[in-house]
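Spelled out from the first residue to the last, the chains are:
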Amino acid sequence: MQAPTTRRHALTLAAATLAGLAAPAMAQDNVFKIGLILPMTGQQATTGRQIEAAARLYMAQNGDTVAGKKVQLIVKDDTSLPDQTRRLAQELIVGEKVNVLAGMGITPSAMAVAPLATQSKTPLVVMAAATSSITEASPFVVRTSFTLPQASVALADWAPANGVKTVVSLVSDYGPGIDAEKFFNARMVNNGAKVIESLRVPMRNPDFAPFLQKVRDLKPDALFVFVPSGAGAAVMKQFAERGMDKAGIRLIATGDVTDDDQLNDMGDVALGVVTSHHYSAAHPSDMNKKFVDAFQKANKGLRPNFMAVGGYDGMRVIYEALKSTKGAGGGETLLNAMKGQIFESPRGKIYIDAQTRDIVQDVYLRKVERKDGQLWNVEFDAVKEVKDPGKTKK
Ligand code: DHB
């Protein structure tokens, strides 16, 4: 009489123990974690704000259940310090067991995390950083932003044909700036123009005044500028204060300078500035109009910039990879499902090159114009399906 009860008790206990152990594991299995590391404070805070807003918009529009898994977005602020980015990535990989790492506001952050992505076989979706070599730092990197060689070359083809025979370049002194300087200047020379001087300003807390004074003295037809997102308004302001435009020096730049996050507050000095870039909030497609409307509605009127589109498309790449692997694949399988994706983005048609894992996209020439009382980067020409020139030149 005793035995069955005891046995039943033991069985019940065993079942409870099993259930107890299995519960967290099962919950874990049904969750798909994206560790999104961004600069939410400090000099690059607008990059973090734009990308987080875009990622949340993508999830609001596409749901948070994909292939039977609950998608969980874990946002961490690295304050744009690469040591912090590395520490946070480590915690997310080991502690949270994230399925994907994403974000990466600046090149040094992406470079700091790349070796961890390789070791842990975690796909790393780079949504902002734009130095050409980042995709070569780990076979687990997939990029949805752009590269500076990609953006610069189109402008260097346009400028000499439009009256710019002499130029001075002024770039932030780190990866993307050095890429911009190298590819823009070489292409200008190739096109018969003269590069009078190449100037580099510190990446952190730059004072543009002494550099701009030098440019004024050198009197080139144009000043070519690259500074990271968030620094463009300061360049524009000091360019105006020094009377550079009145001295007949034109400002040309990559679209990081006439950043949609700040453009509307830059004032008349920005009017007529020609830039080349992969995204303008004024891109005249139906998909972009819907994207800009939805983004502004969800973010108190904030206009999305090129960082937002990198974040939005990065989420698309992750979602589709999860769908096509039916929620089963992690690591390398998930990575492989990101390669070769081709789709329409708010910026136009894009694809992830399966060999390089880098983005291939149209690069637009744009001019700042006022429309309905607001300043916009209005596209007037496009170079189709530009692959990163930084890869083929090596
Ligand atoms: C990078 C950062 C930026 O804000 C930008 O506009 C372009 C490149 C970077 O660090 O790679």
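Shown above is the structure to which this text applies.
What counts and how
- Residues numbered from 1 in each chain as written.
- Predicted model: local features only at pLDDT ≥ 70, side-chain atom pairs only at ≥ 80, totals over all residues.
- Heavy atoms only, no water.
- Near = heavy atom within 4 Å.
- Polar contact = N/O pair within 3.5 Å; in protein donor to acceptor, adjacent residues only side chain to side chain.
- Areas by Shrake-Rupley, 256 points an atom, 1.4 Å probe, with all protein chains shown as cover.
- 1 Å grid on protein atoms, 1.4 Å probe; cavity = no way out; pocket = protein on both sides within 12 Å on 5 of 7 lines; lining within 4 Å.
- Sits in = over half its atoms within 2 Å of the grid points.
- Nonpolar A, V, L, I, M, F, W, Y, C, P; charged D, E, K, R; others polar.
- Pairing = 2+ DSSP bridges.
- Helix = DSSP H or I, 4+ residues; strand = E, 2+ residues; numbered from the N terminus.
- Buried < 20%, exposed > 50% of the residue type's maximum accessible area, 1.4 Å probe, protein only.
- Lys, Arg positive; Asp, Glu negative; His and termini not counted.
- Salt bridge = Lys/Arg side-chain N within 4 Å of Asp/Glu carboxyl O.
- Contact = heavy atoms within 4.5 Å.
- Axes fitted to C-alpha atoms, helices over the stretch in contact; angles between N-to-C directions.
- Points joined across faces, edges and corners; volume = space filled by probe spheres on them.
- Core = buried A, V, L, I, M, F, W, Y, C linked by side-chain atoms within 4.5 Å.

Chemist: I keep staring at the site of the ligand and nothing clicks. Help me out?
Modeler: Around the ligand, 16 residues are found, and the nearest of them are T107, A130, Y174, S229 and D256. Here T107 contributes a side-chain N or O atom positioned 2.5 Å from an oxygen atom of the ligand. Take S229: an N or O atom from its main chain is 2.9 Å from an oxygen atom of the ligand. Coverage of the ligand by the protein amounts to 100% of the 290 Å² it exposes when considered alone. Applying the majority rule of atoms within 2 Å of the grid points places the ligand in the largest cavity. When the residues that make up the shell around the ligand are grouped by side-chain class, the tally is 10 nonpolar, five polar and one charged.

Chemist: Any chance you could explain the pairing of strand β3 (residues 69-77) here in plain terms?
Modeler: Within a regular beta strand, the side chains point alternately toward one face of the sheet and then the other, so they alternate between its two faces. Sheet analysis places strand β1 (residues 31-38) next to β3, joined by eight bridges and oriented parallel. If you follow F32 over to β3, its bridge partner there is V71. Taken together, the two bridges between strand β2 (residues 65-66) and β3 define a ladder with antiparallel strand orientation. Note that in β3 the partner of V66 across the bridge is K69. What sits between the antiparallel neighbours β2 and β3 is a turn of two residues, in which A67 has the positive phi angle 50°.

Chemist: Would you mind going over helix α5 (residues 148-158) with me for this structure?
Modeler: What sets the pattern is the α-helix's 3.6 residues per turn: residues three or four places apart point alike. Along α5, 10 of the 11 residues are buried, which leaves the element largely enclosed by surrounding structure. Where α5 starts, the residue carrying a side-chain oxygen 3.1 Å from the main-chain nitrogen of Q150 turns out to be T147.

Chemist: Is there a simple way to explain the environment of S132 in this structure?
Modeler: Summarising the element assignment, S132 is placed in the loop between β5 (124-126) and β6 (141-143). Linking S132 and Q72, residues 60 residues apart in sequence, is a C-alpha distance of 30 Å.

Chemist: Quick question: what am I supposed to make of the side chain of R366 here?
Modeler: With respect to the helices and strands, R366 occurs in strand β14 (residues 359-371). Although R366 is buried, it makes no salt bridge; E379 carries the closest opposite charge, 5.4 Å away. A distance of 2.9 Å separates a polar atom in the side chain of R366 from a polar atom in the side chain of T275.

Chemist: Whenever I open this one, the pairing of β14 confuses me. Can you help?
Modeler: Bridge analysis of strand β11 (residues 274-277) against β14 gives four bridges, and the strand direction is antiparallel. Following the sheet pairing, H277 is matched in β14 by Y364. With three bridges connecting them, strand β13 (residues 348-352) and β14 associate as antiparallel partners. In the strand pairing of β14, I350 is matched with Q361.

Chemist: Explanation requested: the environment of P160 in the structure shown.
Modeler: You can see P160 is positioned in the loop between α5 and β7 (166-172). Residues P160 and M188, 28 residues apart in the sequence, show an inter-C-alpha distance of 7.1 Å. P160 has contacts with K165, M188, N191 and A193, leaving out every residue within four places of it along the chain.

Chemist: Would you take a moment to explain the pattern of salt bridges for this structure?
Modeler: When the charged atoms of two side chains with opposite charge come close together, those side chains can pair. Counting across every chain of the model gives 21 salt bridges. E385 is the partner of K349 in a salt bridge, and the nearest nitrogen-oxygen pair spans 3.5 Å. Taken as a pair, K349 in strand β13 and E385 in strand β15 (residues 374-386) lie far apart in primary sequence, 36 residues in all. The partly exposed category is assigned to K349, whose relative accessible area is 45%. For E385, a relative accessible area of 42% translates into the label partly exposed. One salt bridge connects K391 with D388, and the closest N-O pair in it is separated by 2.7 Å. The pair formed by K391 and D388 is uniform in burial state, with each residue classed as buried.

Chemist: I tried to follow the environment of M287 on my own but got confused; where do I start?
Modeler: Mapping M287 onto the fold places it in helix α9 (residues 286-298). M287 sits in the partly exposed class, given a relative accessible area of 29%. In this structure the C-alpha to C-alpha distance between M287 and P346, which are 59 residues apart in sequence, comes to 5.5 Å. Once residues within four sequence positions are removed from consideration, M287 is found in contact with E344, S345 and P346.

Chemist: Got a minute to help me understand the sheet that holds β5 in this structure?
Modeler: By way of backbone hydrogen bonds, the strands of a sheet pair with one another, either parallel or antiparallel. Read from one edge to the other, the open sheet built from six strands follows the order β2-β3-β1-β4-β5-β6, with strand pairing classed as mixed. Two strands close off the open sheet at either side, each with one partner strand: β2 and β6. The strands touched by helix α4 (residues 107-120) within the sheet are β4 (100-103) and β5, with β5 carrying the most contacts at an inclination of about 160°. Along the sheet, helix α10 (residues 306-324) contacts β1, β2, β3, β4, β5 and β6; its crossing angle with β1, the most-contacted strand, is approximately 160°.

Chemist: Please explain empty space enclosed by the protein as it appears in this structure.
Modeler: Within the structure shown, the criterion is met by one cavity of 30 Å³ or more. Empty space within the largest cavity amounts to approximately 120 Å³. For the largest cavity, the lining is made up of 17 residues, of which G105, A128, Y174, P228 and M307 are closest to its centre. For the lining of the largest cavity, the class distribution of residues is 11 nonpolar, five polar and one charged.

Chemist: Just to check I follow, could you spell out the nonpolar core for this structure?
Modeler: A general feature of soluble globular proteins is that nonpolar side chains tend to end up buried together. In this structure, L101, F291, M315 and M338 are the most contacted members of the largest nonpolar core, which totals 87 residues. When residues of this core are assigned to their parent elements, the largest contribution, 11 residues, is made by α10. Those residues in contact with L101 that sit more than four places away from it in its chain are G35, I37, A89, L92, I93, V113, T122, P123, L124 and V125. Within the second largest apolar cluster, 26 residues are counted, among which are F208, V235, I249 and A253.

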